[in-house]
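Now for the letters of each chain:
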Amino acid sequence: MPRSNAERKVLEAGFDPVRLPPGQYLTHTWPVLHVGSVPVAEPEEWRLRVWGEVENEVDLGLEELRALPATEVVADIHCVTRWSRFDAGFRGVRFAELARPTAAARFVVAHAVADYRANLPLAVLDDPGSLVAYEADGEPLTPDHGGPLRLVVPSRYFWKSAKWLLGLEVRADDEPGTWERLGYSNDADPWAGERYSV
Ligand SMILES: Nc1nc2c(c(=O)[nH]1)N[C@H]1C(S)=C(S)[C@@H](COP(=O)(O)O)O[C@H]1N2
Ligand SMILES: [Mo]
C-alpha cells in the first residue's frame with residue numbers, strides 16, 4: 001500500500017505507521033503550545049478542586065495528590081496543529097481515584113489558569129491513558145508543559161489536555177470549552193480527524 005511521506009518517516013524512525021492518525025506527522029521533540037503566558041505558580045499553594053455532579057467534593061494540594069495511588073501512562077499525543085509525539089510518559093492520578101460521580105454525571109469541564117477550559121464526556125476520563133498528571137517522562141511537569149498540574153487525555157486532540165489545571169467540574173450536561181466555542185470539534189477524536197465542528 002502506498003504510504004504518505006509522514007508515514008514513511010514514522011517507519012524510518014522505527015515505529016509502526018498505524019500509530020499515526022490521519023493528517024499528522026511525527027515529531028521527536030515536545031513542542032510547547034498554548035495561548036497566553038506561562039503562569040508563575042507556587043507549587044506549595046496549588047490546589048485541584050473537583051465539584052458539581054460528584055458525591056464527594058475534592059480540594060487537594062499537590063502533596064495530597066502525590067499521596068494518592070499513582071498511575072503511569074505511556075501514550076502517543078496528537079495536537080490538532082498536526083504534530084504527534086509517540087511514547088510520552090506521564091505520572092499522576094486517575095479521575096476514579098479522586099471523585100465518585102453522581103448518577104446524573106455525564107460530562108466534565110476542565111478549568112485551568114486564565115479561564116482556559118476544555119470539555120469531555122466523563123467516560124473519556126476513564127480511558128486508560130487519561131490522567132491528572134504531575135510528572136512527564138520521569139520529571140516534575142515543567143511550567144511550560146503545564147506544571148505543576150495538567151490534564152492528559154491522549155485519546156483526544158491535545159487541546160483537551162488542559163495545562164495548569166485548577167479544577168474538574170462534573171456536569172449532567174455538556175458545555176463547550178475555550179477552543180470548542182471557537183469552532184473546534186467537540187469530540188476531537190484524532191483517529192476520526194475531528195478537528196473542526198461541522
Ligand atoms: N491552560 C491551557 N492548556 C492548554 C492549552 C492552552 O492554551 N492553555 N493549549 C492546549 C494545546 S492546543 C495543546 S497542543 C497542548 C500542548 O501541550 P504542551 O505544550 O505540553 O505540548 O496543551 C493544551 N492545553
Ligand atoms: Mo494543540
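Located above this text is the structure these notes cover.
Quick notes on the rules
- Here the residue index of a chain counts from 1 through its sequence in written order.
- Starting at A for chains and at 1 for ligands, labels are handed out in the order in which the entities are written.
- With pLDDT at 70 or above as the cut-off, local features in this predicted model cover only qualifying residues; side-chain atom pairs require 80 or more to be listed or tallied, and sums for whole chains, interfaces and linings still use all residues.
- Note that the side-chain values use all heavy atoms of the structure and ignore hydrogens as well as water.
- When DSSP locates at least two bridges between a pair of strands, those strands are taken to pair.
- Each helix is a run of DSSP H or I of at least 4 residues and each strand a run of E of at least 2, with the numbering of both proceeding from the N terminus.
- Simply put, an axis is a line fit to the C-alpha atoms, just over the touching stretch for a helix, and the angle between two N-to-C directions goes from 0 to 180 degrees.
- By convention in these notes, a residue is near a molecule or strand provided one of its non-hydrogen atoms lies within 4 Å of it.
- Each polar contact in these results corresponds to two N or O atoms within 3.5 Å; when the atoms are within protein, one needs to be able to donate a hydrogen and the other to accept it, and residues that are neighboring in sequence are counted only if both atoms are side-chain atoms.
- Accessibility throughout is a Shrake-Rupley quantity obtained with a 1.4 Å probe, and a residue counts as covered only by protein chains that appear here.

## Some thoughts on the sheet that holds strand S7 (residues 117–121)
The pairing of strands in a sheet comes from backbone hydrogen bonds and takes either a parallel or an antiparallel form. Reading across from one edge, S3-S2-S11-S6-S7 is the order of the five strands in this open sheet, with mixed pairing throughout. Each of the sheet's edge strands pairs with one partner strand only, and the pair in question is strand S3 (58–61) and S7. Going from strand to strand, the sheet's axes swing by 15 degrees on average, the running direction of each strand aside. Across six bridges, the pairing between strand S6 (residues 107–112) and strand S11 (residues 165–171) is antiparallel. Residue pairing across strands places phenylalanine 107 opposite arginine 171, the latter belonging to S11.

## Quick word on the site of ligand 1
Close contacts around ligand 1 come from 18 residues, with Pro31, Val35, His145, Arg150 and Lys163 the closest. Note that an oxygen atom of ligand 1 is positioned 2.9 Å from one of the backbone N or O atoms of leucine 33. At a separation of 2.5 Å, an oxygen atom of ligand 1 approaches a polar side-chain atom of lysine 163. Burial of ligand 1 by the protein chains amounts to 97% of its free accessible area of 530 Å².

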